[in-house]
Amino acid sequence: MNLEDLVLHHRALDAPLMPSKEWWGIFNLFTTIAIVIGSIVIGSLIIAAVKYRYREGQPEPSDSIKPGRVPSERGGPKVIIVITLIVVVALMMAEGSTFTVYDTYQKFAESSMENGDVLKIEVTAFQWDWRFKYPNGVETVGEVYIPEDTPVLFIVTSIDVKHKFGIPELKTGVDAIPDDMGYLWLYVEDPGEYEIRCYELCGVGHTFMTGKLKVLSGQEFVNWYSSMGGG
Amino acid sequence: MTEVNIREWIMTTDHKKIGILYIITALYFGFLGGTLGFLIRQQLMYPENNLLTPQIYNQIVTVHGLVMVLWFVSPLAFGLANFVIPLQIGARDLAFPRLNALSYWLFLFSGLLAAVTFFLPGGTIDTGWTVYAPLNTAKYSPQPGLTLAGIALLMLIASVTLGTINFTVTIIKMRAPGVTWSRLPMFTWGILLTVLLMLYAFPSVTAGVILLAVDRVLGTTWYLSPEGGDLLWENLFWFFGHPEVYIVLFPGLFAALEVIETFTGRPLYGRKYIIGAAATAFLLSLIVWGHHMYTTTIPPLIKKFFVAGTMAISWPFGIITILAIISIVGGRVRFNTPMLFALTSIALFVIGGETGIYNASVFLNYHIRGTYWVTAHLHYQLAGATMFGIIAALYYWYPKITGKMYNEKLGKLHWLISTIGFNLLYFPMFLLLDMPRRIYTYDAVTGWAPYNFYATIGSIIFFLGHLLVGLPNLIYSAVKGRPAGPNPWGAWTIEWTIPSPPPPHNFDTIPDLRSGSVVYLNGGSVNVAHHEKLSITPFTLSLGLFIFFLGFMTFLPLALVGVAIFLIGLFKWYVDDISDRYVSEEPEGLEEYPYIGVAKEKLGTWVFLASEILLFGALIGSYLFVRANSSTWPVGYAVHDVSIGFINTIILLTSSLSMALALAYIRKDDVKGTAGALAMTLILGLLFLIIKAFEWSKLYEEGFTLTSGLPAVTYYTVTGAHAAHVIAGLFGISYLILKTLKGGYSSRDYNGIWNVGLYWHMVDIVWVFLFPLFYLI
């Protein structure tokens, strides 16, 4: 499939693949579970401590701690089993969601790769900027243009130290490791300008190692691409 | 307070004094590291702030992380452990008091060495505390300060390794009668799990730092080559790095649980299950290091494995938390300062744990990694759950250590300020979801300014709370506090049955817990005279190393002075040992079945050998890692002379035989035969080294040099590490020969020969692996 067909006549995707949407989905699920469980646990901690606070003249429990005496054992396996099950169920919920999304994402990545219907862009990180190379040899530095509604694969490496290629608004990123290749899939529905940032300390210029990801409509992209000598 | 005798403190081998030294030194390093953290917050308070340059900022960020984890939190816990654990298990000291002193001085001087690096040209280490390759190589970070910081880290690891051996042997071997595993106090359990985890985790980072030092000093290319590089470092580092999280956490968490038990006044609910859960987490922590590497290029299936492992590890911690809460139900909770800190520790642990689950999800991690979310999470665990637990422990044992009571009102104020300051400092960082870590400034348009501002206000409250309320309380009360009495909290453990502060010999007679209550054997009358044995050598050896390494990186003649001091120390140690000055008298009844047959020194040797084997495992693993990543590796016999390697193998195996012979002779009280067999071993060891030197020089002439590529680099590094062990073994053997000739060994006492012999066999066995790995395949 040539690039113009890919960008302008892309296939309908059967799975939601915009990373930021998936990301927020899991993040919100985790946060809901965390807030509910956290409130229950910390709440019971406070309530228990206050309710069973020391009061003058209160009768001593039969198994109370005595100086120099080994305390008795308490707590049987039944309670432990119940607690274990509760914790495991909560974890399974979180784990399940993560695996499902991760699998979908991987499958999409692999099938796009096989079908070849993907725009591949090579990203080379260096101290302290990003270089992008398109299939037709066009190179840009510090900013990269991609078409909307099209699967894009960034193949990320570095020529010096380790960096992390991250696009904070789209909630994704991958390490840029010298002599190695990291893969980052994108599928962006909304045209616009997104910031690229380095998320791994890479020397004194780390703070300002930023770039721009510009998402164009299909036609705009094709025009830009051919004006740069591609097609 | 009596006058402080400086000489006595420098030469002390008493676990209580060393514990106090540890606590004070760790608090001092904590103050330094905390100040660095405080500076970070001041710089980030406003957008586009110019308080610090990026060069300085990167150094501050890096050293803050390293110091807080390695020179503050862990040593502070081990200071408490030093003081408390022998008392809790009814022992008079740790198993090896002089090694304990050596641990302390190595710790102090390693910290000073790390501090000096700030003042070297080009500054200190500035790579972030994870020191990723290849930013850590001389190519990208040429400053000598980084190399020296790495060496300081190796010195600290030496201290940690000695501590690991000491605490493991002490807790296994030195428990008073009746102090069974199920009766072991929670804090002691926590420290036992911690040292076992240290034993397992540290050799990996030791190997990592050794390779880094070799790269930086000798110009090899472990971390600059595509075959090694970032992933080699990350595997070595995180194999250590994730267990390290629990190494730091366990002492604080278990101290908090012990405090909760005491101040609730009832036994912990499901105590056995808490320990079991922690042991499960211990085991799982060995297989989760990959969750720090989701954004690297490791394959998807392996990532999933690490996701499952990491999610699973939150399960035991969930159980511990819930059991801690159930423990409170039906109790009589007294809200003293230690209890307030302990309960807060559990609450912060819940938040830190839950946010950790986010990081475990590969998909979330793609973005989260490298953002302030991670900073927030790890500080909830380390500066929150762990630190609050350790502060609880500090207040809890303060009356035992000083004999005085701290001021309760100031203590509670300290808790209130810390809790408010902490949450104001770190909670906003969760909301800085997009802000990269370790950037020294940010634009106003990012919208990050308000959260950073809150965090900085929080840092001021948190920092000043410790400095102006917590610390003055501890210092002032040590002098002016009211006497605490032996057991101010009504706690059950053994340390509270003796006066505060404890007498120099801890116990007049050995406590006995077999009946379920503490009773003192012989009706409490003194049955063993206890004299603390002062020794200057731990200080001398550590000072010598400090001066040597400092000179090595700055001014070479200074290094010679260091070597001289070190050798004087080593010689003094030899002399002391040969005269058996430091052999401790063993009180009766300390040994617990089934460990009665194993001498302390033997067990210590085994623990040490375990760490050595893991170290070689990591080094050989690194070699196999780079070799597997290479497509053009020459087969061993094409490069190396197999016959020379084979001869050396035979020589070492023969030396193992002669070593075994020495043991057989001494069992028959044949001193001459023993000395002869040992001399034979020494000669064979020397022969091995001479042949090796010849072999290396020949290889060098052939162009097989440290800069000629990885086959040479791996060969020289790994066999060089082995040769260094051979040399150390020869020192040990010559010591044995001297002592044998002086009549120091007999058929009743030959532990020294047994221990050095075991070490020697280990060194030989390592070679049996190295020979085929380098020469044959």
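Bear in mind that the values here come from a model prediction, so they are computed numbers and not experimental data.

Undergrad: Can you walk me through the overall build of chain A in this structure?
TA: When you go through chain A residue by residue, the secondary structure sums to four helices and ten strands. For chain A, the succession of helices and strands along the chain, N to C, is α-α-α-β-β-β-β-β-β-β-β-β-β-α. What you see for chain A is a C-alpha radius of gyration of 27 Å, clearly larger than the 17 Å of a compact globule of 231 residues, by over 25%. The principal-axis extents of the C-alpha atoms in chain A amount to approximately 90 × 45 × 30 Å. Counting across all 231 residues of chain A, residues that qualify as buried make up 52%.

Undergrad: Where do I start with the overall build of chain B in this structure?
TA: On a plain count of helices and strands, chain B comes out with 22 helices and two strands. A compact globule built from 777 residues would reach a C-alpha radius of gyration of about 28 Å, and chain B, at 27 Å, matches this within 12%. Among the 777 residues that make up chain B, the fraction classed as buried is 65%. Partitioning the intrachain contacts of chain B with sequence separation of at least 6 by distance along the chain shows that 82% fall at a separation of at least 24. Just so you have it, chain B exposes about 26,600 Å², and 72% of that area is on carbon and sulfur atoms. Separation between the mean location of the 42 positive side-chain charges and that of the 39 negative ones in chain B comes to 7 Å.

Undergrad: What is the right way to look at a nonpolar patch on the surface in this model?
TA: Residues Val-217, Leu-218, Phe-552 and Leu-556 of chain B make up a contiguous nonpolar surface patch of roughly 360 Å² in combined accessible area. Summarising the element assignment, Leu-218 of chain B is placed in helix α6 (residues 186–218).

Undergrad: Please explain the packing of helix α8 (residues 271–284) of chain B against helix α9 (residues 300–328) of chain B as it appears in this structure.
TA: Residue and element names in this part refer to chain B. For the pair α8 and α9, the least separation of the axes is 9 Å and the interaxial angle reads 160°. What the angle tells us is that α8 and α9 run roughly antiparallel. Both α8 and α9 take part in a crossing whose hand is left-handed. Facing α8, whose interface residues are Tyr-273, Ile-274, Ala-277, Ala-278, Thr-280, Ala-281 and Leu-284, α9 presents Ala-312, Ile-313, Trp-315, Pro-316, Phe-317, Ile-320 and Leu-323.

Undergrad: Explain the sheet that holds strand β3 (residues 139–141) of chain A here, please?
TA: Remark on secondary structure: sheet strands pair via backbone hydrogen bonds, oriented parallel or antiparallel. Residues and elements named next belong to chain A. Spatial strand order, β3-β2-β1-β5-β8: five strands in an open sheet with mixed pairing. Strand pairing shows two members of the sheet lacking a second neighbour, β3 and β8 (182–186), which therefore form its edges. Sheet twist, expressed as the mean angle between neighbouring strand axes with direction ignored, is 25°. The sheet contact formed by strand β1 (residues 119–126) and strand β2 (residues 129–133) spans five bridges and is antiparallel. Within the sheet, the bridge partner assigned to Thr-124 lies in β2 and is Arg-131. Its contacts with the sheet put helix α3 (residues 77–115) on β1, β5 (152–158) and β8, and the angle it makes with β8 is roughly 95°.

Undergrad: Could you clarify how one ought to interpret the packing of aromatic side chains in this entry?
TA: In this description, a pair of aromatic rings is defined by centroid distance and the angle of the planes. With the rule as written, the count across this model stands at 89 aromatic pairs over all chains. Seen from their ring centres, Phe-208 of chain A and Tyr-440 of chain B are 5.9 Å apart, and the 85° between their planes marks the pair as edge-to-face. Highlighted residues: Phe-208 of chain A in the loop between β9 (192–198) and β10 (210–216) and Tyr-440 of chain B in the loop between α13 (408–431) and α14 (449–480), drawn from two different chains. By relative accessible area, which is 52% here, Phe-208 of chain A ends up exposed. When the centroid spacing of 6.4 Å and the interplanar angle of 45° are considered together, the rings of Phe-646 of chain B and Phe-771 of chain B count as tilted. On the criterion of sequence distance, the pair formed by Phe-646 of chain B in helix α19 (residues 642–667) and Phe-771 of chain B in helix α22 (residues 751–776) is long-range, its members being 125 residues apart.

Undergrad: Could you clarify how one ought to interpret the pairing of β10 of chain A in this entry?
TA: As a general feature of sheets, a regular strand has side chains that alternate between the two faces. Residue and element names in this part refer to chain A. As paired elements, strand β4 (residues 143–147) and β10 share five bridges and run parallel to each other. Within β10, the position partnered with Glu-143 by the bridge is Lys-212. By the bridge criterion, six bridges tie β9 to β10 in an arrangement that is antiparallel. Looking across to β10, one finds that Arg-197 is bridged to Thr-210.

Undergrad: What's the story with the side chain of Asn-365 of chain B in this structure? I'm lost.
TA: Mapped onto the fold, Asn-365 of chain B is located in helix α11 (residues 362–368). Accessibility expressed as a relative area gives 4% for Asn-365 of chain B, which makes it buried. Not counting residues within four places of it along the chain, the set of residues in contact with Asn-365 of chain B comprises Lys-164 of chain A together with His-291, Tyr-294, Thr-295 and Asn-359 of chain B.

Undergrad: Help me understand the interface of chain A and chain B, please; the structure alone is not making it clear to me.
TA: Frequently, the measure chosen for interface size is the accessible area that the parts lose on association. In this complex, chain A contributes 85 residues to the contact, which on the side of chain B involves 94 residues. Interface area, chain A with chain B, both sides summed: about 7,800 Å², of which 68% is carbon and sulfur. The largest per-residue losses of area from chain A upon contact with chain B belong to Arg-74, Tyr-102 and Leu-201 of chain A, which jointly make up 10% of the total buried on that side. Summed over the shared surface of chain A and chain B, the result is six salt bridges. The salt bridge partner of Arg-266 of chain B is Asp-63 of chain A, with a shortest N-O separation of 2.9 Å. Breaking the side of chain A that touches chain B down by element, the ones donating at least two residues are α2 (19–51), α3, β7 (172–176) and β9 of chain A. Here the element with the most residues in the side of chain A that touches chain B is α2 of chain A; it accounts for 18 residues. Here the side of chain A that touches chain B is built from residues that sort into 47 nonpolar, 19 polar and 19 charged.

Undergrad: What is the right way to read the confidence of the model for chain B from this model?
TA: The predicted coordinates should not be examined in detail at positions where pLDDT is low. For chain B, per-residue confidence averages 92 on the pLDDT scale, and residues scoring 70 or more make up 96% of the total. Predicted as a complex, the structure gets a pTM of 0.94 and an ipTM equal to 0.93.

The rules behind these values
- Residues numbered from 1 in each chain as written.
- Chains lettered and ligands numbered in written order.
- Predicted model: local features only at pLDDT ≥ 70, side-chain atom pairs only at ≥ 80, totals over all residues.
- Heavy atoms only, no water.
- Helix = DSSP H or I, 4+ residues; strand = E, 2+ residues; numbered from the N terminus.
- Rg over C-alpha atoms; globule rule 2.2 N^0.38 Å.
- Buried < 20%, exposed > 50% of the residue type's maximum accessible area, 1.4 Å probe, protein only.
- Contact = heavy atoms within 4.5 Å.
- Areas by Shrake-Rupley, 256 points an atom, 1.4 Å probe, with all protein chains shown as cover.
- Lys, Arg positive; Asp, Glu negative; His and termini not counted.
- Charge placed at Lys NZ, Arg CZ, Asp CG, Glu CD.
- Patch = residues over 30% accessible without salt bridge, like charges linked within 9 Å, V, L, I, M, F, W, Y side chains within 5 Å.
- Salt bridge = Lys/Arg side-chain N within 4 Å of Asp/Glu carboxyl O.
- Axes fitted to C-alpha atoms, helices over the stretch in contact; angles between N-to-C directions.
- Parallel < 35°, antiparallel > 145°, perpendicular 65-115°, else oblique.
- Left-handed = near helix turned anticlockwise from the far one by under 90°.
- Pairing = 2+ DSSP bridges.
- Phe/Tyr/Trp six-rings, centres within 6.5 Å; stacked < 30°, edge-to-face > 60°.
- Buried area = accessible area lost by both parts, 1.4 Å probe.
- Nonpolar A, V, L, I, M, F, W, Y, C, P; charged D, E, K, R; others polar.
- pLDDT = per-residue confidence, 0-100.

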